[in-house]
There are 2 protein chains.
Amino acid sequence: MKKLVNDPLKVADELVEGLVEAYNGECQLVGSRSIVKNDIPDNKVALLIGGGSGHEPIYHGLVGRNLADGAACGDIFAAPTPDIVLEATQAVDKGNGVLFLYGNYAGDVMNFDIGAEEAEDEDIDVRTVLIWDDVCSAPPTQKDDRRGIGGLVPIVKLVGAASQSAGSLDELEAFAKKAVLQTRSVGVSMAPGSIPATGKPTFDLDEDKIGLGMGIHGEQGVAEIPMTTADELTPMMLDLVFKDFDEDTEVDALKEGDEIVFFVNSLGATTMMECLICLRKAKEILNERGIQVYDVIVGPLVTCQEMAGISFSVTRLDDELKAAWDLPCQSNCYSKMEGHYGG
Amino acid sequence: MKKLVNDPLKVADELVEGLVEAYNGECQLVGSRSIVKNDIPDNKVALLIGGGSGHEPIYHGLVGRNLADGAACGDIFAAPTPDIVLEATQAVDKGNGVLFLYGNYAGDVMNFDIGAEEAEDEDIDVRTVLIWDDVCSAPPTQKDDRRGIGGLVPIVKLVGAASQSAGSLDELEAFAKKAVLQTRSVGVSMAPGSIPATGKPTFDLDEDKIGLGMGIHGEQGVAEIPMTTADELTPMMLDLVFKDFDEDTEVDALKEGDEIVFFVNSLGATTMMECLICLRKAKEILNERGIQVYDVIVGPLVTCQEMAGISFSVTRLDDELKAAWDLPCQSNCYSKMEGHYGG
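## Description of the domain arrangement of chain A
All names here are of chain A. Split by domain assignment, chain A resolves into domain 1 (8-181) and domain 2 (184-331). The distance between the C-alpha centroids of domain 1 and domain 2 comes to 22 Å. Across the boundary between the two partners, domain 1 contributes 42 residues, which contact 44 residues of domain 2. Taken as a group, Phe77, Cys136 and Lys157 account for 15% of the area that domain 1 buries against domain 2, more than any other trio of residues on that side.

This is how it looks when you write it as structure tokens:
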């Protein structure tokens, strides 16, 4: 891959500097690699996100208006260090506590937890809600082993909206847990991205195969299947989502009349053309089941460099989640007007 | 490339069907391949865009709230037929005329012009404003030979906003001409995309070269230069933009105090990481010149399948353009809240 970068070992620092410029004065660089909003109101219950770089526009692209207050940014595909987490936490804290909301990866959990302990030592109240939407990464009885993938976009959108008016850290934590519990994703990959520092592929996959349920860094999925069509693959992916809602005793099955946000994500090189062709089939299946699509997101929002692949995320809404969804938001990753499509 | 499609010859039809689903009830499919909003108010001066498919999320992704009323969609990399243009025109017309706004490509001009004639035969008043922002495609004295590239995103955003309150087709046409005149772009390519029907690359380019000024389908640019860094390439690209404002007698030079919208576009496979690293350098140069960045757009919005490359677009704003910019908008391609970043 020919990449437009400078020093390949400094891409994470430089991209975060660029992200600050994209926010054009609304966010600032804090400490060694955190991005934080300038106008966080006093006493706001703060929302901190973060994770490895290289997946842009997530995670740090979800800092913004009615979204997250800040992000702790790791190096490429690496968790932010505890120092970075602490610096970000101090910067977003406005006296009413900080909710950490991030994808469930071992390195992130370790470093965010150390950062949280250090923040608690400074009397900052911290809670953590992990995002574990990837149903192919472990069975529903082992959610602690599940990875966070595309579902983080609707989840952060919802929790960011709720954080604007949350009365307490308890209240925001409970809201975030509900948003996570109602969000499930399935991803597939067709080809790897490349590691910026080495140019090497992020994983190996045969030319004629699809990695069903493969993670965004190439983590093992549920099967390697022959390359197929959009109309064949889409029902296979959706069935895994339906099955997970069915089998998980913590949630109801996804049923007729349920309202959802449906998100079709590209992992990078997969075109919007392909995403739309898959959406066409997915909507047909959702319609057949009587599931009401409240709103739709389509785009390359959770990427792994120029990886080819796609994921579907379903978030089931209740009235409280719908009200949070309807709030407008703006960021480098996802923006919307008030309301929802089709409303 | 492993593409998630069905019949490769039907991708344009299927992606437009998927796009209608992305709008979740706010737009409908009209005729053979047009997408049109459902709620166009009576007597609104209508805005019709369009062009070849395969560049998603443009062109048809710019139909939306406070954006275009409809789009005539061609097959992959091909102009919409006159029939499609006519069907779209009839559907968006609400009695006060229709502005055609699209990129200056010979096939599009021919077919939209025939469609316009057929619409005039049915007493629909049609005007055409061509988008020709690519400064590398011809000198400023030959704007008729210039191509439309990334600049179409800020231009359609602005004209879509103005169309919500335009009193007449004359007024909207004049506004659109101003938005086009103040918008200039420079693109580069590093690697081709592929043609969905054949899998063949869209053009040839040596592995160690960058096509400076190359068009989004591989049209000839101003030079082939050795692959370089983000910090070396960014000033070269910006200098071509500044030079064009300087040399064009129809506009003032870009000078200290001017306010602009700055758009960094990825042609597809170029990552958001790279776009942000280039933005970081571009903002430094714009700051040095005292050019005020009113708002920033970054993302893969004008693509050519999984093509690697980037473009910069500059739109200089006056008070009227700024007011149009500040209106919120929502679509598959570009969405924003009220106002602007840094405001």
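## Comments concerning the sheet that holds strand E9 (residues 209-212) of chain A
All names here are of chain A. If you walk across this open sheet you meet the six strands as E10-E9-E8-E13-E11-E12, and the pairing is mixed. Of all the strands in the sheet, the pair left with one neighbour each is strand E10 (223-226) and strand E12 (292-299). In this sheet, adjacent strand axes meet at a mean angle of 20 degrees when their direction is disregarded. The pairing of strand E11 (residues 259-266) with strand E13 (residues 308-317) spans eight bridges and is antiparallel. By the bridge assignment for E13, Ile260 is matched with Arg316.

## A look at the state of the cysteines
Per the counting criterion, the structure on display carries zero disulfides over all chains. With no disulfide of its own, A:Cys278 has A:Cys275 as its nearest cysteine by sulfur position, at a separation of 6.9 Å. Unpaired in this structure, B:Cys304 has its nearest cysteine sulfur neighbour in B:Cys333, at a distance of 15 Å. Of the residues examined, B:Cys304 reaches a relative accessible area of 0% and is grouped as buried.

## A short note on helix H1 (residues 11-22) of chain A
Its twelve residues place the ends of H1(A) 16 Å apart at the C-alpha level, agreeing with the 16 Å of an ideal helix rising 1.5 Å per residue. Of the positions making up H1(A), those classed as buried are A:Val11, A:Ala12, A:Glu14, A:Leu15, A:Val16, A:Gly18, A:Leu19, A:Val20 and A:Ala22. In this fold, the buried residues of H1(A) make contact with strand E1 (27-30), strand E2 (34-37), strand E3 (46-53) and strand E5 (70-76) of chain A together with helix H7 (272-288) and strand E12 (292-299) of chain B. The positive-phi residue at the C-terminal boundary of H1(A) is A:Asn24, with phi of around 55 degrees.

## Topic: the side chain of B:Asp108
All names here are of chain B. With respect to the helices and strands, the residue Asp108 is situated in helix H3 (residues 106-121). Of the side chains bearing the opposite charge, Arg33 lies closest to the buried Asp108, which forms no salt bridge; the N-O distance is 10 Å. Residues in contact with Asp108, not counting those within four places in the same chain, are Gly51, Gly52, Ala79, Pro80, Tyr102, Gly103 and Asp113.

## Some details on the interface of chain A and chain B
At the interface, 68 residues of chain A touch 68 residues of chain B. For the chain A and chain B pair, buried surface summed over both sides reaches about 5900 Å², with 61% attributable to carbon and sulfur atoms. Of all residues in chain A, A:Lys2, A:Leu4 and A:Tyr341 give up the largest surface area on contact with chain B, accounting jointly for 18% of the area buried on that side. Inspection of the region where chain A meets chain B yields six salt bridges. A:Arg280 serves as the salt-bridge partner of B:Glu17, at 2.7 Å between the closest nitrogen and oxygen. Across the chain A-chain B interface, the total number found is 42 residue pairs in polar contact (both at pLDDT 80 or more). With nine residues, helix H7 (residues 272-288) of chain A is the largest single contributor of residues to the side of chain A that touches chain B.

## Side note on the nonpolar core
A:Leu101, A:Val153, A:Phe262, B:Leu101, B:Val153 and B:Phe262 are the most contacted members of the largest nonpolar core, which totals 209 residues. When near neighbours in sequence (up to four residues on either side) are disregarded, B:Val153 contacts B:Ile58, B:Leu62, B:Phe263, B:Ile297, B:Leu301, B:Val302, B:Cys333 and B:Tyr334.

## A short note on the relation of the copies chain A and chain B
Turning one copy of the chain about an axis and sliding it along that axis gives the other copy, so a rotation and a shift relate them. For the pair chain A and chain B, the relating rotation is 180 degrees, the translation along its axis is 0.0 Å, and the fit reaches an RMSD of 0.0 Å. Expressed as an axis order, the relation between the two copies is that of a two-fold axis.

## Description of the layout of surface pockets
Here the largest pocket is characterised by a volume of approximately 410 Å³. Around the largest pocket sit 21 residues that line it, and A:Met1, B:Met1, B:Pro192, B:Ala269 and B:Glu306 are the ones nearest its centre. Within the lining of the largest pocket, the residues separate by chemical class into 13 nonpolar, two polar and six charged. The calculated volume of the second largest pocket comes to roughly 190 Å³.

## Here we look at the sheet that holds strand E11 (residues 259-266) of chain B
All names here are of chain B. Strand order in the open sheet formed by six strands is E10-E9-E8-E13-E11-E12, with mixed pairing between adjacent strands. Where the open sheet ends on each side, the last strands, each with one partner, are strand E10 (223-226) and E12. Pairs of neighbouring strands in the sheet enclose a mean axial angle of 20 degrees, with direction left out of account. In this sheet, E12 lies alongside E11 in parallel orientation, the contact comprising seven bridges. Paired with Phe262 across the bridge in E12 is Val296.

## As for empty space enclosed by the protein
Considering all chains together, one arrives at five cavities of 30 Å³ or more under this definition. In this structure, the largest cavity occupies an estimated 650 Å³ of space. Looking at the largest cavity, it is lined by 37 residues, and the ones nearest its centre are A:Cys333, A:Ser335, B:Cys333, B:Tyr334 and B:Ser335. Looking at the lining of the largest cavity, the elements with two or more residues in it are E12 and strand E14 (330-331) of chain A together with E12 and strand E14 (330-331) of chain B. The biggest single contributor to the lining of the largest cavity is E12(A), with five residues. Estimates place the volume of the second largest cavity at around 280 Å³.

Procedures and definitions
- Residues numbered from 1 in each chain as written.
- Chains lettered and ligands numbered in written order.
- Predicted model: local features only at pLDDT ≥ 70, side-chain atom pairs only at ≥ 80, totals over all residues.
- Heavy atoms only, no water.
- Domains from an automatic or database assignment.
- Contact = heavy atoms within 4.5 Å.
- Buried area = accessible area lost by both parts, 1.4 Å probe.
- Pairing = 2+ DSSP bridges.
- Helix = DSSP H or I, 4+ residues; strand = E, 2+ residues; numbered from the N terminus.
- Axes fitted to C-alpha atoms, helices over the stretch in contact; angles between N-to-C directions.
- Disulfide = S-S within 2.5 Å.
- Buried < 20%, exposed > 50% of the residue type's maximum accessible area, 1.4 Å probe, protein only.
- Expected span 1.5 Å × (residues − 1).
- Lys, Arg positive; Asp, Glu negative; His and termini not counted.
- Salt bridge = Lys/Arg side-chain N within 4 Å of Asp/Glu carboxyl O.
- Polar contact = N/O pair within 3.5 Å; in protein donor to acceptor, adjacent residues only side chain to side chain.
- Core = buried A, V, L, I, M, F, W, Y, C linked by side-chain atoms within 4.5 Å.
- Least-squares fit on C-alpha atoms with pLDDT ≥ 70 in both.
- 1 Å grid on protein atoms, 1.4 Å probe; cavity = no way out; pocket = protein on both sides within 12 Å on 5 of 7 lines; lining within 4 Å.
- Points joined across faces, edges and corners; volume = space filled by probe spheres on them.
- Nonpolar A, V, L, I, M, F, W, Y, C, P; charged D, E, K, R; others polar.

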